[in-house]
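Structural characterization, general
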Amino acid sequence: MTTMQEFEFPLMDGTLDGMTHLVSERAIEGDTVLLNMGPQHPSTHGVLRLLLELDGETVITCIPDVGFLHTGVEKNMEAKTYIKAEVMSDRLDYLNNLGNNLVYCLAIEKLTGLDVPVRAQAIRVILVELQRISSHLVWLGTHALDLAAMSVFLYCFREREIILDIFEMVSGQRMMTTYIRPGGLWRDVPDEFEQAVRQFLEAFPERIDQYESLLTKNPLFLQRTKGLGVMTQEDALRWGVTGPMLRASGLAHDLRIAQPYSGYEQYDFDIPTHTDGDTYARYVVRMEEMRQSIKIVQQALDKLPYGPVRSNNRKYVPPPRSELSTSMEAVIHHFKLWTEGFTPPKGSVYVGVESPRGELGVYLESDGGPKPYRIHWRTPSFMNLQTLPMLAKGNLVADLVALIGTADIVLGDVDR
Amino acid sequence: MAGIIGEILRGLSTTLHMAATKPVTIQYPEVKRPVRPRFKGRHHLMRYDNGMEKCIGCSLCSAACPADAIFVEAAENTDEERYSPGERYARVYEINMLRCIFCGYCEDACPTEAIVLGDNYELSFTDRRSSIYAKEMLLVPVDEGGKPTPQKVEPGIYTRSIPVMQDPKD
């Protein structure tokens with residue numbers, strides 16, 4: 001068995017010996033320069049290390065080195081009951097917390113056959129679409145900031161704050177919400193929720209126009225993004241790229257339409273696509289996606305049904321508080337669920353949802369016990385990051401910053 | 001060329017327009033943003049109106065905690081020295097605020113509404129030891145008209161551990 005000391009880390013020993021197969025012949029001869037970009041670099045959007053082989057300013061090879069933010073979430077989740085493990089799903093992709101909650105709960109619901117009330121499903125859709133907007137706002141702000149458009153960043157974070165305030169209103173937390181629970185929601189939304197969302201919906205389309213006035217036709221932005229990092233549809237499919245990156249390459253694939261979940265089939269919205277496949281196309285697609293998200297939230301809010309927000313199945317969902325003082329069964333279920341947790345039947349499920357970055361999937365294997373036997377997260381950031389070496393080849397170092405931005409990676413999602 | 005300058009001017013007009021609007025930022029810490037009613041901040045251990053502690057030392061919060069941040073040690077109540085209704089009370093109740101992730105599972109799990117998450121988010125410590133909040137720090141002060149615990153009570157009154165509760169409203 002190889003011990004840690006004996007094991008060779010090809011990218012860490014500082015010499016070229018372990019990675020001659022990764023760089024070009026010229027690097028070995030000393031013609032080109034090897035440069036570390038990151039892990040502590042502001043434009044890598046986290047702790048991503050890129051080992052670059054440069055000829056002047058041109059990138060010959062780009063080797064992403066991931067894992068600096070590895071927290072062992074998947075393994076940690078196996079050590080907790082299904083309910084307790086959910087808090088860790090918040091912490092994978094920290095710009096899409098509710099989306100992570102949703103996919104995790106959908107997987108448990110599929111495994112156990114748990115029913116979800118329609119009101120809970122509609123609120124889930126509203127919140128997840130708001131989360132998509134907030135995630136795209138962070139992407140837009142940081143992407144523009146990387147390309148030296150600072151004011152966009154400030155405006156984006158101003159609007160994101162409104163969404164985070166709505167999350168605080170419903171769940172008590174701005175980011176680590178854990179609001180979507182197996183079998184429904186934590187609690188019903190408060191009374192002021194509808195008005196707050198409506199206010200946001202009213203103000204937001206105008207704000208998108210403002211961002212667009214700063215970027216869409218701005219010659220400096222166009223020069224930095226048009227024709228940069230072109231990905232063909234074939235390449236995108238080959239690399240397992242999903243989400244806006246795939247749609248910018250021309251394929252209208254969206255899990256909200258392809259495999260509707262949480263009642264997405266009731267809503268009328270378009271899948272924005274673009275044929276260019278470059279950085280600018282991805283910008284256009286994401287901007288349009290924000291508009292479509294508003295459309296979905298508007299529809300879901302207009303026909304928000306009344307009713308319960310959590311399943312009545314006491315084997316999986318803790319009873320309401322008012323029952324605890326009157327029903328012995330309720331006390332037993334309450335104690336049982338919060339200590340031992342529930343035990344889903346044996347089996348394995350895979351559920352994928354459309355996260356702001358692409359297909360976010362969770363594979364859940366149950367051995368019939370109270371803890372998941374295995375959880376695997378199919379995270380879109382990781383898949384999308386894979387294409388970076390291909391896109392970076394032949395471009396300038398300064399353009400690499402735009403390419404990292406356009407992939408919209410979250411390192412918590414990449415390394416998990 | 002004219003188009004390029006026009007587009008730059010269009011962006012500039014947006015920024016200038018924004019510069020004239022009221023700022024949305026607040027001057028923390030001088031000004032504080034009020035939190036929402038559901039906000040999950042630092043915990044409180046609640047009391048009944050008569051000053052009796054709600055916590056019955058069942059350790060369910062500790063069992064429900066995903067971060068293993070709570071430690072509870074229960075002891076027996078007597079009518080001479082009564083801390084809480086029912087048989088037992090929490091002799092030791094500690095929350096490690098460095099471990100706590102403020103998910104609110106303890107509040108959900110508590111069968112007597114004893115532990116609730118409050119509004120305080122300004123938690124800072126100078127060492128690890130002071131991050132452990134003991135029972136005295138978490139317990140809310142006794143209301144007017146209540147008596148501090150332990151109380152001396154008549155036998156046979158406080159036999160029920162779980163009170164009558166409503167579903168959360170806010």
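Note that the coordinates shown come from a computational prediction; the quantities given were computed from them, not determined experimentally. Numbering of residues begins from 1 in every chain and follows the order in which that chain's sequence is written. To label them, take the chains in the order written and letter them from A, then take the ligands in the order written and number them from 1. The predicted origin of the model limits local features to residues at a pLDDT of at least 70 and limits the giving and counting of side-chain atom pairs to 80 or more, whereas totals for whole chains, interfaces and linings rest on all residues. Here the side-chain values reflect all heavy atoms present in the structure, with hydrogen atoms and water set aside.

Each helix is a run of H or I in the DSSP string that is no shorter than four residues. Each strand is a run of E no shorter than two, and both are numbered from the N terminus. When its secondary structure is counted, chain A shows 17 helices and eight strands. Note that the radius of gyration is over C-alpha atoms, with the globule rule given as 2.2 Å times the number of residues to the power 0.38. Computed over the C-alpha atoms, the radius of gyration of chain A is 23 Å, within 12% of the 22 Å expected from 2.2 N^0.38 for a compact globule of 416 residues. Accessible area is worked out with a 1.4 Å probe on protein chains only. A residue is then buried under 20% of its type maximum, exposed over 50%, and partly exposed in between. When the 416 residues of chain A are sorted by exposure, 61% land in the buried category. Two residue types count as positive, namely Lys and Arg, and two as negative, namely Asp and Glu; His and chain ends fall outside the count. By convention, the point assigned to a charge is CZ for Arg, NZ for Lys, CD for Glu and CG for Asp. Charge centroids of chain A, computed over 40 positive and 54 negative side chains, lie 6 Å from each other.

Moving on, we get to the overall build of chain B. In terms of regular secondary structure, chain B is built from four helices and five strands. Overall size of chain B, expressed as C-alpha extent along the three principal axes, is 90 × 35 × 30 Å. The buried share of chain B, taken over its 170 residues, is 41%. The contact rule is simple, with two residues in contact once any of their heavy atoms fall within 4.5 Å. Partitioning the intrachain contacts of chain B with sequence separation of at least 6 by distance along the chain shows that 76% fall at a separation of at least 24. Here, Shrake-Rupley sampling with a 1.4 Å probe gives the accessible areas, and only protein chains in the shown set may cover a residue. Accessible surface for chain B amounts to roughly 9,900 Å². Of this, 55% is attributable to carbon and sulfur atoms. Distance from the positive charge centre (21 side chains) to the negative charge centre (24 side chains) of chain B: 5 Å.

The next subject is the sheet that holds strand β8 (residues 374-378) of chain A. Residue and element names in this part refer to chain A. Two strands qualify as a pair provided DSSP detects at least 2 bridges between them. Reading across the sheet, the three strands line up as β6-β7-β8 and stay open at both edges, with antiparallel pairing between neighbours. Of all the strands in the sheet, just β6 (347-355) and β8 have a single pairing partner and so form its edges. Pairwise comparison of adjacent strand axes, ignoring direction, gives a mean angle of 10° for this sheet. Where strand β7 (residues 358-366) meets β8, five bridges bridge the pair, whose relative direction is antiparallel. From the neighbouring strand, G361 faces β8, where its bridge partner is R378. Sheet strands in contact with helix α4 (residues 97-112) are β6, β7 and β8, and its direction is about 150° off that of β6. What counts as an axis is a line fitted to C-alpha atoms, over the stretch in contact for a helix, and the angles between N-to-C directions run from 0 to 180 degrees.

This brings us to the domain arrangement of chain A. When the domains of chain A are assigned, the result is domain 1 (4-65) and domain 2 (73-311 + 342-378). Placing the centre of domain 1 of chain A and that of domain 2 of chain A at their C-alpha centroids yields a distance of 33 Å. An automatic or database domain assignment provides the domain bounds reported here.

Often, the extent of an interface is quoted as the loss of accessible area on bringing the components together. If you look at the interface, chain A gives 44 residues, while chain B gives 41 residues. Carbon and sulfur atoms make up 55% of the surface buried where chain A meets chain B, a total of about 3,900 Å² over both sides. If you sort the residues of chain A by the area they bury against chain B, A:R187, A:R321 and A:W338 come out on top, with a joint share of 19%. We count a salt bridge whenever a side-chain nitrogen from Lys or Arg sits within 4 Å of a carboxyl oxygen from Asp or Glu. A salt bridge links B:D108 to A:R181; the shortest N-O distance between them is 3.1 Å. Residues adjacent in sequence count toward polar contacts only when both atoms are side-chain atoms; beyond that, a polar contact is any pair of N or O atoms within 3.5 Å, and within protein one must be able to donate a hydrogen and the other to accept it. On the surface where chain A and chain B come into contact, there are 21 residue pairs in polar contact (both at pLDDT 80 or more). Each residue is assigned to one of three groups, with Ala, Val, Leu, Ile, Met, Phe, Trp, Tyr, Cys and Pro labelled nonpolar, Asp, Glu, Lys and Arg labelled charged, and all others, Gly among them, labelled polar. Looking at the side of chain A that touches chain B residue by residue, the classes come out as 16 nonpolar, 13 polar and 15 charged. Simply put, the buried area is the total loss of 1.4 Å probe accessible area from both parts when two parts are fitted together.

With that out of the way, let us pick up the pattern of salt bridges. Residues and elements named next belong to chain A. Inspection of every chain in the model, using the stated rule, returns 40 salt bridges over all chains. In this structure, the salt-bridge partner of D270 is K295, at a minimum N-O distance of 3.9 Å. Of this pair, D270 sits in the loop between α11 (255-258) and α12 (279-302) while K295 sits in helix α12, and the two are 25 residues apart along the sequence. The exposure class assigned to K295 is partly exposed, which follows from its relative accessible area of 31%. Bridged by salt links that share partners, the residues E129, R132, R247, D254, R256, E289 and E354 form one connected network.

Moving on to the sheet that holds strand β1 (residues 33-37) of chain A. All names here are of chain A. Read across the open sheet, the three strands follow the order β1-β2-β3; overall the sheet is antiparallel. Edge positions in the sheet fall to β1 and β3 (58-65), since each of these pairs with one other strand and no more. When strand polarity is set aside, the average angle formed by the axes of neighbouring strands in this sheet is 25°. The sheet contact formed by β1 and strand β2 (residues 49-55) spans five bridges and is antiparallel. Paired with L34 across the two strands is E53, which belongs to β2. Where helix α16 (residues 397-407) meets the sheet, its contacts fall on β1, β2 and β3, and the angle it forms with β2 comes to roughly 150°.

Pairing of aromatic rings covers Phe, Tyr and the six-membered ring of Trp, with a centre-to-centre limit of 6.5 Å; geometry is then stacked below 30 degrees between planes, edge-to-face above 60, and tilted otherwise. Overall, the coordinates contain 16 aromatic pairs over all chains when judged by the stated rule. Arranged with centres 4.9 Å apart and planes meeting at 65°, the rings of A:F221 and A:Y283 form a pair that is edge-to-face. Remark: A:Y283 occurs in helix α12 and A:F221 occurs in helix α8 (residues 219-225); sequence separation between them is 62 residues. Judged by relative accessible area, A:F221 falls into the buried class, the value being 5%. Measuring from ring centre to ring centre gives 3.9 Å for B:Y83 and B:Y89, while their planes differ by 10°; the resulting arrangement is stacked. This pair shows no difference in class: B:Y83 is buried, exactly as B:Y89 is. Through successive ring pairs, a cluster of aromatic residues spans A:W139, A:F221, A:Y280 and A:Y283.

Residues and elements named next belong to chain A. Contact pair helix α6 (residues 150-171) / helix α7 (residues 193-215): the axes reach a minimum separation of 11 Å and the direction vectors enclose 165°. With respect to each other, α6 and α7 are oriented roughly antiparallel. Helix-helix and strand crossings are classified by hand; for α6 and α7 the assignment is left-handed. From α6, S151, V152, Y155, C156, R158, E159, I162, I163, I166, M169 and V170 reach across to α7, where they touch F193, A196, V197, F200, F204, R207, Q210, Y211, L214 and L215. For the contact of α6 with α7, the class distribution of residues is 16 nonpolar, two polar and three charged. The scheme is simple: roughly parallel for angles under 35 degrees, roughly antiparallel for over 145, roughly perpendicular for 65 to 115, oblique for anything else. For any pair of crossing helices, the crossing counts as left-handed if the nearer helix is rotated counterclockwise from the farther one by less than a right angle, and right-handed if it is rotated clockwise.

Here the focus is the packing of helix α5 (residues 118-146) of chain A against α7(A). All names here are of chain A. The N-to-C vectors of α5 and α7 enclose an angle of 25°; their axes lie 12 Å apart at closest approach. As the angle between them shows, α5 and α7 are arranged roughly parallel. Note that α5 runs across α7; the crossing there is left-handed. On α7, the residues that touch I126, L127, L130, I133, L137, L140 and A144 of α5 are F193, V197, F200, F204, Y211 and L215. Among the residues forming the contact of α5 with α7, the class breakdown is 13 nonpolar, no polar and no charged.

Let's shift gears to the confidence of the model for chain B. A low pLDDT score tells you not to read the predicted coordinates there in detail. Residues and elements named next belong to chain B. Note: pLDDT gives the predictor's confidence per residue, expressed from 0 to 100. In the predicted model, chain B carries a mean pLDDT of 88, and the fraction of residues at 70 or more is 99%. Confidence, read as mean pLDDT per element, is least for helix α1 (residues 2-20) in chain B (83) and greatest for strand β1 (residues 43-45) (93). Under the prediction, the complex receives an ipTM of 0.89, its pTM being 0.90.

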